[in-house]
Protein chains: 2
Amino acid sequence: MSVLEASRGVIPCDRVIRNVKYLDVFHCKWRTGDVAWFDGIIVGLEPGLNAREEIDGSSKWLVPGFIDAHVHVESSLMTPDHFQNSVLPKGTTTAICDPHELANVMGVDGLRYFLDASLGLNLDLRIMLSSCVPATQFETNGGGEIEAQDLIQWIGHPQVLGLAEVMNVPGVLNGDPKLYEKLKAFAHKSIDGHCPLLRGQELSAYAAAGISSCHESSQFEEASEKLTKGISVWIREGSVAKDLETLVPLIDLSTSTSLGFCTDDRNPLDIAQEGHLDYLIRMAIKRGVRPELAYRIASWSVARHYGLDRAHAPAHRRRGAIAPGWLADLVLLDDADCCSIVEVYKNGKPSRECKTSATHRLFKNSIQAVVPDALDLQGPEGRVHVIGVHEGKIITTKHVMNADEPGVAKFSVLERYGKGSKPQNAYAFGFGESFQGAIASSVGHDSHNLAVVGTTTGDQKIALQALIQSGGGFCVVQNGSVIAHLPLPMGGLMSTESPEKITQSLRQLRQASRQVGCSLAEPFL
Amino acid sequence: MSVLEASRGVIPCDRVIRNVKYLDVFHCKWRTGDVAWFDGIIVGLEPGLNAREEIDGSSKWLVPGFIDAHVHVESSLMTPDHFQNSVLPKGTTTAICDPHELANVMGVDGLRYFLDASLGLNLDLRIMLSSCVPATQFETNGGGEIEAQDLIQWIGHPQVLGLAEVMNVPGVLNGDPKLYEKLKAFAHKSIDGHCPLLRGQELSAYAAAGISSCHESSQFEEASEKLTKGISVWIREGSVAKDLETLVPLIDLSTSTSLGFCTDDRNPLDIAQEGHLDYLIRMAIKRGVRPELAYRIASWSVARHYGLDRAHAPAHRRRGAIAPGWLADLVLLDDADCCSIVEVYKNGKPSRECKTSATHRLFKNSIQAVVPDALDLQGPEGRVHVIGVHEGKIITTKHVMNADEPGVAKFSVLERYGKGSKPQNAYAFGFGESFQGAIASSVGHDSHNLAVVGTTTGDQKIALQALIQSGGGFCVVQNGSVIAHLPLPMGGLMSTESPEKITQSLRQLRQASRQVGCSLAEPFL
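Treat the numbers as computed from the prediction; the structure is a model and nothing was measured. (Residues numbered from 1 in each chain as written. Chains lettered and ligands numbered in written order. Predicted model: local features only at pLDDT ≥ 70, side-chain atom pairs only at ≥ 80, totals over all residues. Heavy atoms only, no water.)

### Re the relation of the copies chain A and chain B
Alright, step 1. For the pair chain A and chain B, the superposition axis carries a translation of 0.0 Å, the fit reaches an RMSD of 0.1 Å, and the rotation angle comes to 180 degrees. Considering both components of the superposition, the chain copies are consistent with a two-fold axis. For chain A, the smallest separation between a C-alpha atom and the rotation axis is recorded for Leu253(A), amounting to 3.0 Å.
Alright, step 2. By residue overlap, the copies meet face to face through one surface: 100% of the interface positions of chain A are interface positions in chain B. (Least-squares fit on C-alpha atoms with pLDDT ≥ 70 in both. Contact = heavy atoms within 4.5 Å.)

### Some points on the interface of chain A and chain B
Alright, step 1. On the side of chain B, 62 residues touch chain A, which itself brings 62 residues to the contact.
Alright, step 2. For the chain A and chain B pair, buried surface summed over both sides reaches about 4800 Å², with 50% attributable to carbon and sulfur atoms.
Alright, step 3. On the chain A side of the interface with chain B, the three residues burying the most area are His27(A), Thr228(A) and Arg310(A), jointly 13% of the side's total.
Alright, step 4. Glu46(A) serves as the salt-bridge partner of Lys229(B), at 2.6 Å between the closest nitrogen and oxygen.
Alright, step 5. In this structure, the connection of chain A to chain B is made through 29 residue pairs in polar contact (both at pLDDT 80 or more).
Alright, step 6. Elements with a minimum of two residues in the side of chain A that touches chain B: α1 (2–7), β1 (13–24), β3 (41–44), α6 (169–174), α7 (177–185), α8 (200–208), α9 (220–228) and α13 (291–305) of chain A.
Alright, step 7. Counting residues per element, the side of chain A that touches chain B draws most heavily on α8(A), at 7 residues.
Alright, step 8. Looking at the side of chain A that touches chain B residue by residue, the class counts come to 27 nonpolar, 23 polar and 12 charged. (Buried area = accessible area lost by both parts, 1.4 Å probe. Salt bridge = Lys/Arg side-chain N within 4 Å of Asp/Glu carboxyl O. Polar contact = N/O pair within 3.5 Å; in protein donor to acceptor, adjacent residues only side chain to side chain. Helix = DSSP H or I, 4+ residues; strand = E, 2+ residues; numbered from the N terminus. Nonpolar A, V, L, I, M, F, W, Y, C, P; charged D, E, K, R; others polar.)

### Description of the packing of aromatic side chains
All names here are of chain A.
Alright, step 1. Applying the stated criterion across every chain yields a total of 18 aromatic pairs over all chains.
Alright, step 2. The structure contains a cluster of three or more aromatic residues connected by ring pairs, namely Phe 26, Trp 300 and Trp 326.
Alright, step 3. Over the aromatic face of Trp 61 sits the side chain of Lys 21, whose NZ or CZ is 4.6 Å from the ring centroid. (Phe/Tyr/Trp six-rings, centres within 6.5 Å; stacked < 30°, edge-to-face > 60°. Lys NZ or Arg CZ within 6 Å of the ring centre and 35° of its normal.)

### Some thoughts on the pattern of salt bridges
Working definition: two side chains of opposite charge can pair if their charged atoms are close together.
Alright, step 1. According to the stated counting rule, one finds 52 salt bridges over all chains in the structure shown.
Alright, step 2. The shortest N-O distance in the salt bridge between Arg319(A) and Asp124(A) comes to 2.3 Å. Taken together, the positions of Arg319(A) in the loop between α13 and β14 (330–335) and Asp124(A) in strand β8 (residues 124–129) put the pair 195 residues apart, joining distant regions of the chain. Accessibility classification places Arg319(A) together with Asp124(A) in one group, the buried group.
Alright, step 3. In this structure, the salt-bridge partner of Glu343(A) is Arg352(A), at a minimum N-O distance of 2.6 Å.
Alright, step 4. On the basis of relative accessibility, which here comes to 15%, the residue Glu343(A) falls in the buried class.
Alright, step 5. Since its relative accessible area comes to 54%, Arg352(A) is described here as exposed.
Alright, step 6. Three or more residues joined by partner-sharing salt bridges are found here, namely Glu46(A), Arg199(B), Glu225(B) and Lys229(B). (Buried < 20%, exposed > 50% of the residue type's maximum accessible area, 1.4 Å probe, protein only.)

### Considerations on the pairing of strand β2 (residues 29–38) of chain B
Remember that side chains alternate between the two faces of the sheet whenever the strand is regular.
Residues and elements named next belong to chain B.
Alright, step 1. In this structure, strand β1 (residues 13–24) lies alongside β2, joined through 8 bridges in antiparallel fashion. Bridge pairing in β2 links Lys 21 to Thr 32.
Alright, step 2. Hairpin geometry of β1 and β2 is characterised by an intervening segment of 4 residues between the two adjacent antiparallel strands and by a positive phi of about 55 degrees at Cys 28.
Alright, step 3. As defined by bridge partners, β2 adjoins strand β3 (residues 41–44) across 3 bridges and the pair is classed as antiparallel. Residue pairing in the sheet places Trp 37 in a bridge with Ile 42 of β3.
Alright, step 4. Counting the residues that bridge the hairpin from β2 to β3 gives 2 residues, and of these Asp 39 lies at a positive phi of roughly 50 degrees. (Pairing = 2+ DSSP bridges.)

### A word on the sheet that holds strand β24 (residues 481–487) of chain A
What holds strands together in a sheet is hydrogen bonding between their backbones, with the strands either parallel or antiparallel.
All names here are of chain A.
Alright, step 1. An order of β18-β17-β20-β19-β22-β21-β23-β24 is seen for the 8 strands of this open sheet, with the pairing classed as mixed. Taken across any chain shown, the strands that pair with only one partner, and hence form the sheet edges, are β18 (397–402) and β24. Recorded for the sheet is a direction-independent mean angle of 25 degrees between the axes of neighbouring strands.
Alright, step 2. Of the strand pairs in this sheet, strand β21 (residues 438–441) and strand β23 (residues 473–478) are connected by 4 bridges, and their pairing is antiparallel. Across the sheet, residue Ala 438 finds its bridge partner in β23, namely Val 477.
Alright, step 3. Strand contacts of helix α14 (residues 457–469): β19 (408–414), β21, β22 (450–454), β23 and β24, with the helix running at about 150 degrees to β23, the strand carrying the most contacts.
Alright, step 4. The sheet strands contacting helix α15 (residues 499–515) are β21, β23 and β24, and the helix crosses β24 at an angle near 150 degrees. (Axes fitted to C-alpha atoms, helices over the stretch in contact; angles between N-to-C directions.)

Interpretation note: all reported values are geometric properties and have no functional meaning in isolation.
Structure, rendered in structure tokens:
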């Protein structure tokens, strides 16, 4: 009854922002008013209510908290608590995540970790249960295959919204029985898609399977066709895949309630330097999108897609708009065009009061590899096949070169799940002609085995050994010594450190990779 | 898997409409394509699929089936099966109903009747559980008070969407504990409102209670404020309350996904002569609304509000749009501007194949009144208080006149629930100076007691007796004989006859009322 009493002025509200321009998402218009809330719930929009804390909102803008429509938290290298502490001050109050990477590495234990962690956060972390583990039939992962039965146990979990990105497009089109078992089990929940470049009747068949969103559109016409077929389009701007500029022309009043923004894979340096969803909003406005539309898309539209605009058990709170009865997830701006944030309120509390810690439980070291004594990284002599690596591109090329040519390095992948597979050895090109040393990583989509590139077997072995000891991570070795190292003990994917320490370590790693002559600007992320 | 096979062209579809202009609700645009479906599910929008029945759609339009956002089926005087058979051919494929009238008369049995009936229909009849029975504390009804516990038992019923119009506005604002018990129990479902003219901080408090729609806006500014406060606005055009013309200016691309159309109370003659939702659409377009917007509001927008655009257990079908995977609830038009209907498909079947019958179970005669021997309808002599009744208005006026003045008739209300209350007697004016006879009805919101107006006690008694024998209804008596009679044995509210027979009886009643000198064009509806 206290919310009623506060809304009737019988008791003071917790906070009121007076005389602020707030976004009415329903009309897609700015209005001026006094936005007041109590116990995390907005109770009034007009002058007349008092509050324990009064905030002057004149010449400021207030918008609903941002909702990331699709994100892999693992790509931030942060545990969920640190991820929250990192993105909440940037306006992201809800994130719809797919713990696909941790699930690939740890199986159902990886999902369970995220489900448990989500319950202890202030950030509203919603979980889509990973549908495609392993990602392909050819992958060797640690978690084994996650079956429909494994997922069904969590269908009623309060943070679970449905089934995560169905990337097995051939499986959908060819009627893979195990996949359809999952689609059937989640038919009354949300099912996210992942269907880059799928068009025409194949896209119709994919939609008819009940899949209702996709974050993988890189072409305007492709995205527009998805909308027509009832598939909501999440406009992605990650650290690698960047679709925003191409898809901005899709945004108008007609389409806006079927669009959303998502970060998918965004690394900690980009989050720290450019921002999170605030960056996407800023870019969209810069490219001509009306601010009211950009903020609507960043909040209400995604909330509606996932039913978060309806009261949800157990929290019984609507989210995605500034209106009485809705959750006080709010972003206060001193410039709406630049998305310049003054304060973020989550459940009515300023973000600085929302910090959570210790969502990392102790994981057993998930790296079960042993550096073999007879690690044969030499390979054949003379003319050899070489993998070409290129600055800023995911795609590699194939070449035939001399093994001892300048710039050709040794490249090895060591299976990390203790399955006893032999190391996969090859040559690689593109790390720089003066490269001398070794660089190793335990992050490699989607199996996340241990990869090392180096110029001497000794340095490579030391790098692998360092990663095995730290349960995964990134490291650089020079002349037999580890000169930079970011341990990622959470499944070999996530650090337990704070966002600040992670970005500091990443900068040290970048510096160290330059020190060993690596010419790639960013060899790790 | 058959839907997949049909969408891949492995097996033929059930039907395809070729070369038709169909509404893409997501872009709010007409597109041209071949809309194909199988087993009630749309599987394709492009040429290339074959079907057992091929329909030429050239120079035709296809729109999603209409959704009535708020309707009392009882006002049609039809049982749910006849209501379906009446409105399906007019394009209404889903109706969100509140069985408030039957609940007032029969209590939880009235709700149970609608819940049971809804499971046997082709029309998608969704139920909002009546929140305010009796409607006011001053009403005498037959069902007694319906408590939160009575409603909670049906919260998981597949056709139940939530709590019906919360008309007890003072109860919301003053924190009535019994009402809040209901609001709390339904907080994670939809809660419909009913708050005519409520504005400002009181409207905010009402919204903060979790109420998310209202069909009672009669002013533009009032409706606009409701939208801003997160309350979806259902634009009503019933038989009595008509708000469409006033609210048409509210409709634009920004607001369209938070608006809907509803009929609320629409009588069988209006349904037969003007139409159902098709009439509202036609009127809106005539008043300047772009057809794409009108059809979007009539389907997808309401579906989204109630979560019907998401797959729903147990049917697992999305509704409200023409897209693969969505239910084939379709209206084929030969003129989109006039909403001129060629065919309606419900679950993919033409409406003529969707007829249902016998949703009426045998009700015990719910009229327990006895015409008292000492029925004193004479009242006082000389100057008396008289109720003025006026053509086409709900509002009555008060007068003081001579009891024997021409045009003054006797008016009585007989409590019908066997509670032994004395008849309420009065005088009435406005039925015509040459009125001679009696007219009686068992339909009178919200208690539905027996009302009779007449010039002689004898004719009045005969009229009451006729209604008691038929379990309720409408009748006209002249010179001691019943000259027209529509029995409404279903709770005294609904006929078991077909829509055609009901309208025929209503026309006979109208004729008979003229025969007894009644000057009101429509004394019953």
